Amino acid sequence: AATDGRTAVVVSGREAKAIQQGRNKLLASIRSRIDRAKPGSRRHKRLQRRKRQHLGKCARRMRDLVHKATRIVASAFPRARAVVGEAFNDAARKMGRRQAQQVSQAANGRATRQLGYKMAGGAKTVVESYSSQTCPVCGRRQKCRRVYRCGGCGLIAPRDVVGSSNIRAIGMYGEMRTQQPVPTVIRFVRPLRKYPGRPHGPPGSSGGTPARSSEVAA
């Protein structure tokens with residue numbers, strides 16, 4: 001999710017999650033067959049080659065997907081500087097096995113680097129601890145699932161939007177603050193499989209309505 005305080009863009013990560021899950025599932029199957037094959041045999045070499053091809057294909061798909069997702073954010077906020085929550089792979093140690101795998105394989109670092117050269121103002125990272133658990137309006141801290149429902153002020157918003165609002169405050173003030181603006185316009189988009197191009201300019205844009213801003217959080 002990315003916001004400038006007035007507009008929020010939420011890019012779906014389901015396709016990235018599906019790519020990683022499919023990668024892990026097929027990779028486990030190939031590895032088990034490699035272990036049963038005789039080292040140096042044609043079957044062993046063929047499985048090794050298939051493993052490399054599978055990893056390469058998944059890496060290319062993830063790289064393309066991150067490019068499209070970051071292009072959506074850069075197109076929606078063309079004159080902004082990005083403030084990004086720091087990659088949280090260490091949090092995987094406190095999670096279950098499946099959730100830890102998803103967190104550790106998230107392309108957070110790659111997305112941050114790409115936002116850095118696609119955004120006009122560059123990108124910087126900040127610590128995002130408790131950003132998705134803290135209400136940006138009243139400061140109440142609580143855990144929620146995909147939708148944040150504040151028990152103090154009654155705020156209802158997607159949890160990722162709440163987190164991006166708090167990250168924006170951290171980037172601007174150095175800390176989370178209360179009475180922060182919460183976006184009233186939220187667009188949910190998916191990374192497109194093909195770049196549609198633009199009527200006046202080179203291909204590569206995934207669309208999006210530009211928003212006036214000097215600070216955007218992702």
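Residues numbered from 1 in each chain as written. Predicted model: local features only at pLDDT ≥ 70, side-chain atom pairs only at ≥ 80, totals over all residues. Heavy atoms only, no water.

J.: Please explain the packing of aromatic side chains as it appears in this structure.
T.: Aromatic ring pairs: the centre-centre distance and the angle between the two ring planes describe each pair. By the definition in use, this model includes zero aromatic pairs. Directly above the aromatic system of Tyr-130 lies the positively charged group of Arg-141, at a separation of 4.0 Å from the ring centroid. (Phe/Tyr/Trp six-rings, centres within 6.5 Å; stacked < 30°, edge-to-face > 60°. Lys NZ or Arg CZ within 6 Å of the ring centre and 35° of its normal.)

J.: Can you help me understand the pattern of salt bridges in this one?
T.: A side chain of one charge can pair with a side chain of the opposite charge when the charged atoms of the two come close. On inspection of all chains with the given rule, the structure shows four salt bridges. The shortest N-O distance in the salt bridge between Asp-4 and Arg-6 comes to 3.7 Å. You can call Asp-4 buried: its relative accessible area is 2%. According to the relative accessible area criterion, Arg-6 is partly exposed, its value standing at 48%. A salt bridge links Asp-64 to Lys-68, with the shortest nitrogen-to-oxygen separation between them at 2.9 Å. With Asp-64 and Lys-68 both in helix 2 (residues 42-76), this residue pair falls four residues apart, about one helical turn. (Salt bridge = Lys/Arg side-chain N within 4 Å of Asp/Glu carboxyl O. Buried < 20%, exposed > 50% of the residue type's maximum accessible area, 1.4 Å probe, protein only. Helix = DSSP H or I, 4+ residues; strand = E, 2+ residues; numbered from the N terminus.)

J.: Quick question: what am I supposed to make of the nonpolar core here?
T.: Generally speaking, nonpolar side chains in soluble globular proteins are found buried as a group. Judged by nonpolar contacts, the single largest core of 13 residues is most densely connected at Val-9, Val-73, Phe-77, Leu-115 and Met-119. Among the elements that take part in this core, helix 2 stands out by supplying four residues, more than any other. Of all hydrophobic cores here, the second largest spans seven residues; its members include Cys-135, Tyr-148, Cys-150 and Val-162. (Core = buried A, V, L, I, M, F, W, Y, C linked by side-chain atoms within 4.5 Å.)

J.: I tried to follow the environment of Lys-51 on my own but got confused; where do I start?
T.: One can find Lys-51 in helix 2. Considered as a pair, Lys-51 and Ser-29 are 22 residues apart in the sequence and their alpha carbons are 9.9 Å apart. Those residues within four positions of Lys-51 in sequence are excluded, and the remaining contacts are Leu-27, Ile-30, Arg-31 and Ile-34. (Contact = heavy atoms within 4.5 Å.)

J.: I would appreciate a short explanation of unusual backbone geometry in the present structure.
T.: Where the residue is not glycine, phi is negative for most of them; where a peptide bond is considered, it is trans in most cases. Positive phi, normally seen in glycine, also occurs at Tyr-130, with a value near 65°. Inspection of the secondary structure puts Tyr-130 in the loop between strand 4 (123-126) and strand 5 (147-149). A positive phi is found at Gln-179, a non-glycine position, where the angle reads about 60°. Within the element layout of this structure, Gln-179 appears in the loop between helix 5 (159-173) and strand 7 (185-189).

J.: Looking at this structure, I do not really get helix 5. What am I missing?
T.: In an α-helix, one full turn covers 3.6 residues, which means residues spaced three or four apart are oriented alike. With 15 residues, helix 5 extends 21 Å from end C-alpha to end C-alpha; this agrees with the ideal 21 Å at 1.5 Å per step. Counting buried positions along helix 5 yields 11 of 15 residues, so the element is predominantly enclosed. Of all the residues in helix 5, the buried ones are Val-161, Val-162, Gly-163, Ser-164, Ser-165, Asn-166, Ile-167, Arg-168, Ala-169, Ile-170 and Gly-171. Once helix 5 finishes, Gly-174 follows within two positions and takes phi at roughly 85°, a positive value. (Expected span 1.5 Å × (residues − 1).)

J.: For this particular structure, what's the right way to read the pairing of strand 2 (residues 7-11)?
T.: The buried fraction of strand 2 is high, at four of five residues. Across two bridges, strand 1 (residues 2-3) lies against strand 2 in antiparallel orientation. Bridge assignment links Ala-2 to a residue of strand 2, and that residue is Val-9. The antiparallel hairpin formed by strand 1 and strand 2 contains three residues in its connecting segment, where Gly-5 sits at a positive phi of about 100°. Across five bridges, strand 2 lies against strand 7 in parallel orientation. The partner of Ala-8 across the bridge, within strand 7, is Ile-186. (Pairing = 2+ DSSP bridges.)

J.: What's the story with the packing of helix 1 (residues 14-36) against helix 2 in this structure? I'm lost.
T.: Packed helices, taken two at a time, are described by the angle their axes make and the gap between the axes. The geometry of helix 1 relative to helix 2 is characterised by a closest axis approach of 10 Å and an angle of 170° between their N-to-C directions. The pairing of helix 1 with helix 2 is recorded here as roughly antiparallel in orientation. Residues Glu-15, Ala-16, Ile-19, Gln-20, Gly-22, Arg-23, Leu-26, Leu-27, Ile-30, Arg-31, Arg-33 and Ile-34 of helix 1 touch helix 2, and the partners they reach there are Arg-43, His-44, Leu-47, Gln-48, Arg-50, Lys-51, His-54, Leu-55, Cys-58, Arg-61, Met-62 and Leu-65. Across the contact of helix 1 with helix 2, the residue classes tally to 11 nonpolar, five polar and eight charged. (Axes fitted to C-alpha atoms, helices over the stretch in contact; angles between N-to-C directions. Parallel < 35°, antiparallel > 145°, perpendicular 65-115°, else oblique. Nonpolar A, V, L, I, M, F, W, Y, C, P; charged D, E, K, R; others polar.)

J.: Any chance you could explain a positive patch on the surface here in plain terms?
T.: Side chains of Arg-36, Arg-42, Arg-43, Arg-46, Arg-49 and Arg-52 sit close together on the surface and give a patch of like positive charge. If you tally residues by element for the positive patch, the top one is helix 2, at five residues. The residue Arg-46 is located in helix 2 in this model. (Patch = residues over 30% accessible without salt bridge, like charges linked within 9 Å, V, L, I, M, F, W, Y side chains within 5 Å. Areas by Shrake-Rupley, 256 points an atom, 1.4 Å probe, with all protein chains shown as cover. Lys, Arg positive; Asp, Glu negative; His and termini not counted. Charge placed at Lys NZ, Arg CZ, Asp CG, Glu CD.)

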